[in-house]
Amino acid sequence: MIGFSDITKWIHDSLSSALSPGWVLASEFVLAGIAVILIVVVLVVVMIYMERKVAGFMQLRLGPHRVGPWGTMQVFADVFKLLLKESFAPNSVDKFLFNLAPILVLAVSFMALAPISWAPGLQLWDMNIGILYITAVSSIGVIGILMAGWSSNNKYSLLGAMRSGAQIVSYELSAGLSIVAVIAMCGSLSVHDIIMSQADGWWIFKGHLPILFAFIVYVIAGTAEVNRAPFDLAEAESELTAGYHTEYSGMQFGMFYLTEYINMVVIAMIGSTVFLGGWMPFHIYGFDAFNGVMDYIPSFVWFFGKIFMIIFFMMWFRWTFPRLRIDQLLKLEWKYLLPLSIVNVVIVAFITVMKWHF
Amino acid sequence: MKSLFQYLKEVFLGFYSLWTGLKLTLYYFTHPRKEIITEQYPENRTTTINIPERFAGEVILPHDENNKHKCTACTLCEMACPNGSIKIISVQEESEDGKKKRVLDKWIYNLGMCTFCGQCIDACPQDAIIMKNSFELSVYNRNDLVKTLNKPGSKLKEKE
Amino acid sequence: MSASAIMFYIVGALVLTFGILTVFTRKIFRAAVYLLLSLIGIAGIYILMDMQFVAALQIVIYVGGIVVLIIFSIFLTHSAGERLPSRLPKHLFWAVFLAATGLLLSAHVIYQFNYVASTIAPIEHSVKNIGEQLIDFRKYGYVFPFEVVSILLLSAMIGSIVIAMKTKKQ
Ligand code: SF4
Ligand code: SF4
């Protein structure tokens, strides 16, 4: 079977035979960038369609079903509309920051994709601090939101941005702590090492109840970090029209929309990498025949299957729960999630020291 | 200790109540054929369309098979209507034993001004008028919106 | 000049430019944003030096924490959108004087110091090593500063609780 590492090696070899080493590196950067952007855009298109269909079915509706077969062309029609619209900036906005904000949030969410391992041998940058890098970089995104809200010169935008800032800054803590639980057990921050440590079973099964609890906390905090319902106070359309992107139109709005979905992908990717083994097939320690059968399913099917499972969870939450109030939101984080995850980390540390995990 | 127990109980109850909601939406999601209630309107208007019985469409004055209605021309509905879309025209009529009585001549209903609020229905002491579930009410001529609801020659139904 | 040297000069120039813009802009929110960009540039320099861990911490702490707090406090002051008034000549004089003194002092120190190439073998700076070094009590261990800093943080936390606490009316 041809692995992805063979393909990348083949590309590298054929480029090296034609170009000098510096140009090889440069062209590989460009190729990798284009590949990531393409994959992500395809993922986002699938997700937008999925979101609409899931929302429809859960609310006893049909979802889009007129444009193209089963409404599959609806997303393309919407993107086309956004591309044709004027990117309008109102008169008294701070033009520089107003135009910078959507670019910043989009760039940041793409940057977070760098250390993701897509399949065996398919990883852009295997840093020794992979997971920490992702959490660090995604915390820049909140600045873009604050920037958009402030520069729009609009009460709704400012309120939305402040809510969003408070929310992201506080939920980052419990998301981080729940990842720390797994990091403590596996002893490395590198994405590759974390995946390889799950070759004999995913952490969510190997790590007993504390890791399961950490996974639940992670999904809750992750949903909050991407500002999705039930934590969508930042854009609460019934109170703040659209929060921090009220004043944006055309493709600038499109960038915020795209960012929301890319952030969802990133959250789902970290979740599946850390808790569900990334591209690692479902293995049980000792059952070699079973593991062999599982290996026949290609690794990217596993990876995208896990991603879409987490994304489905997030959509399920969005279309089930009502929006939280700001005080309930902060209470949930500071009175429930954070203390419980700190206790959880202590328990995990104890288990790790006693070597009770598998 | 007791407060810690209370705290953990809150957490578990919270999860339980969230799960209740999630179960319902998951059921809807997995049973699309059974549960989806969207009407594909223009295509199915002659076939499978299902408008609920209590949908508030236009106001009508039902007549029974003897061409009799229940309206006593008391004009309470006219006064209740916030938009002035009802006009009750009544005439004095003398019965055989010489008693004078007001009876309905024309029950005029201006559909174009009606907001389907249903206050006329609530106001009517005789339950003479109801709202039908018809909804395709547009016409080409504005005058067609003003309707006379009582049929020609109709009479007041006597109380049993 | 090697590619990494070119990168260093580009990033360094960006850090300096944004630093200068932070000081000289008249809009306070923009100053915060320029400060942020300059701090990100410093993280870039750490990455050039192959210290990804420090770079990530720089971003987590400064960008994710401190600049967000600064921006929040800017939002809470009113008239944050207006241009600040220009300084009085008296203030300008003292600012220039202090800045120049500081610059001269540090330049003096830097020129006096004669750099010698370090003979100690470079330590492997994986996260694990950094973590162990941080709570090590032997030579080159950092447990004492670590504990001192945690006492500082603890007192700051207690202080904020005391400030936020409601006093019971007798
Ligand atoms: S439904 Fe309301 S608006 Fe229409 S006729 Fe009755 S009272 Fe008037
Ligand atoms: S419809 Fe009812 S309320 Fe109106 S005039 Fe007749 S009896 Fe009175």
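Residues numbered from 1 in each chain as written. Chains lettered and ligands numbered in written order. Predicted model: local features only at pLDDT ≥ 70, side-chain atom pairs only at ≥ 80, totals over all residues. Heavy atoms only, no water.

**Remarks on the packing of helix α12 (residues 250-274) of chain A against helix α14 (residues 299-318) of chain A**
Residue and element names in this part refer to chain A. Axis separation between α12 and α14 bottoms out at 8 Å; the angle between their running directions is 120°. Here α12 is positioned oblique relative to α14, judged by the angle of their axes. Between α12 and α14 lies a crossing whose hand is right-handed. Of the residues in α14, those touching α12 at Glu-260, Met-264, Ile-267, Ala-268, Met-269, Gly-271, Ser-272 and Thr-273 are Phe-303, Lys-306, Ile-307, Ile-310, Ile-311, Met-314, Met-315 and Arg-318. (Axes fitted to C-alpha atoms, helices over the stretch in contact; angles between N-to-C directions. Helix = DSSP H or I, 4+ residues; strand = E, 2+ residues; numbered from the N terminus. Parallel < 35°, antiparallel > 145°, perpendicular 65-115°, else oblique. Left-handed = near helix turned anticlockwise from the far one by under 90°. Contact = heavy atoms within 4.5 Å.)

**Examining the interface of chain A and chain C**
Reports of interface size often rely on the accessible area that becomes lost once the parts have come together. Contacts between the two partners involve 22 residues from chain A and, on the opposite side, 27 residues from chain C. Buried surface at the junction of chain A and chain C, summed over both partners, amounts to about 2200 Å²; 85% is from carbon and sulfur atoms. Counting the surface chain A buries against chain C, the share from its top three residues, Ile-143, Trp-150 and Met-162 of chain A, is 26%. Here chain A and chain C share 0 residue pairs in polar contact (both at pLDDT 80 or more) between them. Elements supplying a minimum of two residues to the side of chain A that touches chain C: α4 (95-111), α5 (130-138), α6 (141-151) and α7 (155-186) of chain A. In terms of residue class, the side of chain A that touches chain C is built from 18 nonpolar, 3 polar and 1 charged. (Buried area = accessible area lost by both parts, 1.4 Å probe. Polar contact = N/O pair within 3.5 Å; in protein donor to acceptor, adjacent residues only side chain to side chain. Nonpolar A, V, L, I, M, F, W, Y, C, P; charged D, E, K, R; others polar.)

**What to know about α5 of chain A**
The buried fraction of α5 of chain A is high, at 7 of 9 residues. When we look at burial in α5 of chain A, the residues that qualify are Gly-130, Ile-131, Leu-132, Tyr-133, Ile-134, Ala-136 and Val-137 of chain A. (Buried < 20%, exposed > 50% of the residue type's maximum accessible area, 1.4 Å probe, protein only.)

**Some words on the sheet that holds strand β6 (residues 146-148) of chain B**
Residues and elements named next belong to chain B. In space, the 3 strands of this open sheet follow the order β3-β4-β6, with antiparallel pairing throughout. If you trace the sheet from one side to the other, it starts and ends with β3 (86-94) and β6, each paired once. The mean angle between the axes of side-by-side strands here comes to 25°, regardless of whether they run parallel or antiparallel. Pairing analysis gives 3 bridges linking strand β4 (residues 100-110) to β6, with the strands arranged antiparallel. Each bridged residue has a counterpart across the sheet, and for Ile-108 the counterpart in β6 is Thr-148. (Pairing = 2+ DSSP bridges.)

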